[in-house]
Amino acid sequence: MSFRISSMEEYREVYRKSVEQPEAFWAEIAGSFLWKKKWDRVLDWNFKEPDIRWFSGGTLNITENCLDRHLETRADQPAIIWEPNDPEEHHRVLTYRQLHQKVCLFANVLKNNGAKKGDRICIYMPMVPELAIAVLACARIGAVHSVVFGGFSAQSIADRIQDAQCELVITADGGFRGNKEVPLKNVIDDALVQCPSVRRVIVLTRNRTPVSMIKGRDVWWEDEIKKAETLGMLDCPAEEMDAEDMLFILYTSGSTGKPKGVVHTCGGYMVYTGYTFKTVFQYEPGDVHFCTADIGWITGHSYIVYGPLSQGATTLIFEGVPTWPDAGRFWDVVDKFKVNVLYTAPTAIRSLMQSGLEYVEGHDLSSLKVLGSVGEPINQEAWHWYHEHIGKKRCPVVDTWWQTETGGILISPIAGVTPAKPSYATLPLPGVQPVLVDEKGEEIEGNGVSGNLCIRFPWPGMLRTTYGDHERCRTNYFAAYDNLYFTGDGCLRDEDGYYRITGRVDDVINVSGHRIGTAEVENAINMHSDVIESAVVGFPHDIKGQGIYAFVISEQHLNDSDLTAKDIAMTVSRIIGPIARPDKIQFVPGLPKTRSGKIMRRILRKIAEGDLVNLGDTSTLLDPSVVDEIRNGRIA
Ligand code: WT7
């Protein structure tokens, strides 16, 4: 099959086939990729254990699909366009030939530093082309990358490095973000105090801030590249990987305190990201694709690096932030590089919307063909602003629903084909079977219903396990409902069969499109020496989608509550990272608990939302009077 779908009739037809004969459907798609050895079996699976295997017996290397196979047809086409943080600095372009060379060379650097197939490598880097090169070089030699977003703290990095037992770290001296500099290597140094498994750190030069380089452990990226060049190690054969060999680990938050390492494997992930990239955006050769996410999140893995490159696309990497030097930066970039596809998050749209139209005016956005949204529900207002003022009502908006665990997009319009409905992710892609279930696990059929969103049948991009703890993967995603993958999202299916994601039904909150576990934030708050207990919930936030509201029991605040709140916020920054800092901290005399000691978060959520009247039944509380005190002290 081709990835091109040109009408709703065709979509319905392809969808029907994909459900009736899923194996034939996926085999045809997989056939458009480059395999070293063809698979014996398309799919083996059960959701009980779970045990999911796609393309068994097949071998491949994803970088041959992203690089080598394009050399004959598009060696001189830009693979990566890089726009730096500072608009005064020169942008860079890497053609497929150049990217191939750089990946091979750095893959040899990794080998020279002792890395081999199966080793875990932590990557903590700014958004520079070398980040994509590092990721691809790991894949080239069969090492497993674990990219950690540059906004995470030393403690968070240490937890992730220890969990995966990484032997190598790739980082940079520092990075630029807007008018700030981030001291990446310093943060890594703090993390490594707790990480005996790491024996080598490769450090890229970016802002040349002073860093400590430890003899025998730390080496400079540039020196290692020179060494490899001098030795003539320019080529690097791609390691032959089994389809189900691990490609990468990416940590994400869940309902418990400890982030889990979501594992994706080579064959299925490659097929799924390539397929969804081409299908959803209806990418055409030569188009410039600009996904504004950070490569540290799944969106960047799938739709900056692997999806676009496997399809021979030109992918734009932007180092900066949407609001610096001013709120017109995205539109500058779109204009400068004649971007055709823009894929961004509702939080960015809302923040730019608030800055005013004067930042949009004066930029030529006529190159845009498709607009994408990802990471959280997009509200009607933001959808219309995006459609009208950025897309000038000419560009379809694709609201793409998916998760770190799903590897790629599952529910989304197909650009130019699916009639949109603002705030709806619309319909499942061919190959994806959404199911709504009620509390009892009964499937809810028909339209005009809502329930918990599950997926019925495997798709190639789904997670295979959580690193080092398969049982956790089972209980989290496959134990709630028999034979279904549970997403953790609530969802509505309207009269037309269109899906609208209503948000998480577990204790996960979505702050600016970033997933944060309330338990994780509570653990961090509770580490502060003056805190006795805390409870964290999300509340609606105009820009971020959700903000973090913390209810804290502490005696210290009686002396200086403002300072204590700041200390607590600093503690969270230190333990998790600035992205998890609570927006509001309210000191409370107690928490609403049931007689069995369970915190009734429903009540706290209501209060945080500002709904002080409909708190529901509070009669089962151990001490109902605490609710009044919390209500009276609410931070508006
Ligand atoms: C959660 C997954 C998907 C990559 C970025 C986030 C929410 C994601 C949408 C959307 C409504 C969405 C869900 C999901 N979400 N996209 N288009 N509409 N909600 O990945 O960190 O794994 O978070 O983000 O709640 O479960 P993630």
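Being a predicted model, the structure only gives us computed values, none of them experimental.

Conventions adopted
- Residues numbered from 1 in each chain as written.
- Predicted model: local features only at pLDDT ≥ 70, side-chain atom pairs only at ≥ 80, totals over all residues.
- Heavy atoms only, no water.
- Core = buried A, V, L, I, M, F, W, Y, C linked by side-chain atoms within 4.5 Å.
- Buried < 20%, exposed > 50% of the residue type's maximum accessible area, 1.4 Å probe, protein only.
- Helix = DSSP H or I, 4+ residues; strand = E, 2+ residues; numbered from the N terminus.
- Contact = heavy atoms within 4.5 Å.
- Salt bridge = Lys/Arg side-chain N within 4 Å of Asp/Glu carboxyl O.
- Pairing = 2+ DSSP bridges.
- Phe/Tyr/Trp six-rings, centres within 6.5 Å; stacked < 30°, edge-to-face > 60°.
- Axes fitted to C-alpha atoms, helices over the stretch in contact; angles between N-to-C directions.
- Parallel < 35°, antiparallel > 145°, perpendicular 65-115°, else oblique.
- Nonpolar A, V, L, I, M, F, W, Y, C, P; charged D, E, K, R; others polar.
- Domains from an automatic or database assignment.
- Buried area = accessible area lost by both parts, 1.4 Å probe.
- Polar contact = N/O pair within 3.5 Å; in protein donor to acceptor, adjacent residues only side chain to side chain.

Visitor: Mind laying out the nonpolar core, listing which residues take part and the relevant values?
Guide: Looking at soluble globular proteins, one finds that nonpolar side chains tend to be buried together. Counting residues in hydrophobic clusters, the biggest one holds 175 residues, and the most contacted among them are Trp 26, Phe 106 and Leu 110. It is helix H6 (residues 129–141) that contributes the most residues to this core, 10 residues altogether. Those residues within four positions of Leu 110 in sequence are excluded, and the remaining contacts are Ala 115, Ile 121, Ala 137, Cys 138, Ile 141, Leu 168, Ile 170 and Ile 202. Ranked by size, the runner-up nonpolar core spans 28 residues in total, among them Val 288, Ala 327, Leu 352 and Ala 382.

Visitor: Pulling in residues and values, what's your account of the pattern of salt bridges?
Guide: Inspection of every chain in the model, using the stated rule, returns 40 salt bridges. Between Arg 53 and Asp 51 there is a salt bridge; the shortest N-O distance is 2.6 Å. By relative accessible area, which is 38% here, Arg 53 ends up partly exposed. Among the salt bridges present, the one from Glu 471 reaches Arg 474, with a minimum N-O distance of 2.9 Å. Of this pair, Glu 471 and Arg 474 both sit in helix H15 (residues 470–478), three residues apart, which is roughly one turn of that helix. Given a relative accessible area of 27%, Arg 474 falls into the partly exposed group.

Visitor: Quick rundown of the pairing of strand S25 (residues 499–504)? Include the residues and the values.
Guide: The pairing of strand S24 (residues 485–493) with S25 spans five bridges and is antiparallel. Looking across to S25, one finds that Leu 492 is bridged to Arg 500. Adjacent in sequence and paired antiparallel, S24 and S25 are bridged by five residues, among which Gly 497 carries a positive phi angle near 80°.

Visitor: Account for the packing of aromatic side chains, naming residues and giving values.
Guide: Inspection of the entire model under this criterion finds 38 aromatic pairs. Centre to centre, the rings of Phe 25 and Trp 26 are 4.9 Å apart; their planes meet at 80°, and the pair counts as edge-to-face. Looking at Trp 26, the relative accessible area reads 0%, which means it is buried. Ring geometry for Phe 25 and Tyr 275: centres 6.0 Å apart, planes at 85°, overall edge-to-face. You can see Phe 25 sitting in helix H2 (residues 22–30) and its partner Tyr 275 sitting in helix H10 (residues 266–281), a full 250 residues away along the chain. By relative accessible area, which is 7% here, Phe 25 ends up buried. Given a relative accessible area of 0%, Tyr 275 falls into the buried group. Feature note: the residues Phe 25, Trp 26, Trp 35, Trp 39, Trp 54, Phe 55, Tyr 272 and Tyr 275 constitute an aromatic cluster, connected by ring pairs.

Visitor: Go over the packing of helix H13 (residues 346–355) against helix H14 (residues 380–390) with me, naming the residues and quoting the values.
Guide: Running from amino to carboxyl end, H13 crosses H14 at an angle of 70°, the nearest separation of the two axes being 10 Å. Taken together, H13 and H14 sit at an angle that is classed as roughly perpendicular. In contact with Ile 349, Arg 350, Leu 352 and Met 353 of H13, H14 contributes Glu 381, Ala 382, Trp 385 and Tyr 386. A per-class count over the contact of H13 with H14 returns six nonpolar, no polar and two charged.

Visitor: Describe the domain arrangement of the protein chain, listing the residues and the values that go with them.
Guide: Domain boundaries in the protein chain define domain 1 (8–321 + 400–450) and domain 2 (508–632). Centre-to-centre, using C-alpha coordinates, domain 1 lies 34 Å away from domain 2. At the junction of the two partners, domain 1 supplies 18 residues and domain 2 supplies 15 residues. Approximately 1100 Å² of surface area, both sides summed, lies buried where domain 1 meets domain 2, with 49% of it carried by carbon and sulfur atoms. On the domain 1 side of the contact with domain 2, Ser 253, Gly 257 and Trp 297 bury the most area, a combined 37% of that side's loss. At the surface where domain 1 touches domain 2, the tally comes to one salt bridge. Across the pair Arg 515 and Glu 405 runs a salt bridge, and its minimum N-O distance is 2.7 Å. For the pair domain 1 and domain 2, the number of links is 10 residue pairs in polar contact (both at pLDDT 80 or more). Looking at side-chain class alone, the side of domain 1 that touches domain 2 contains four nonpolar, 12 polar and two charged residues.

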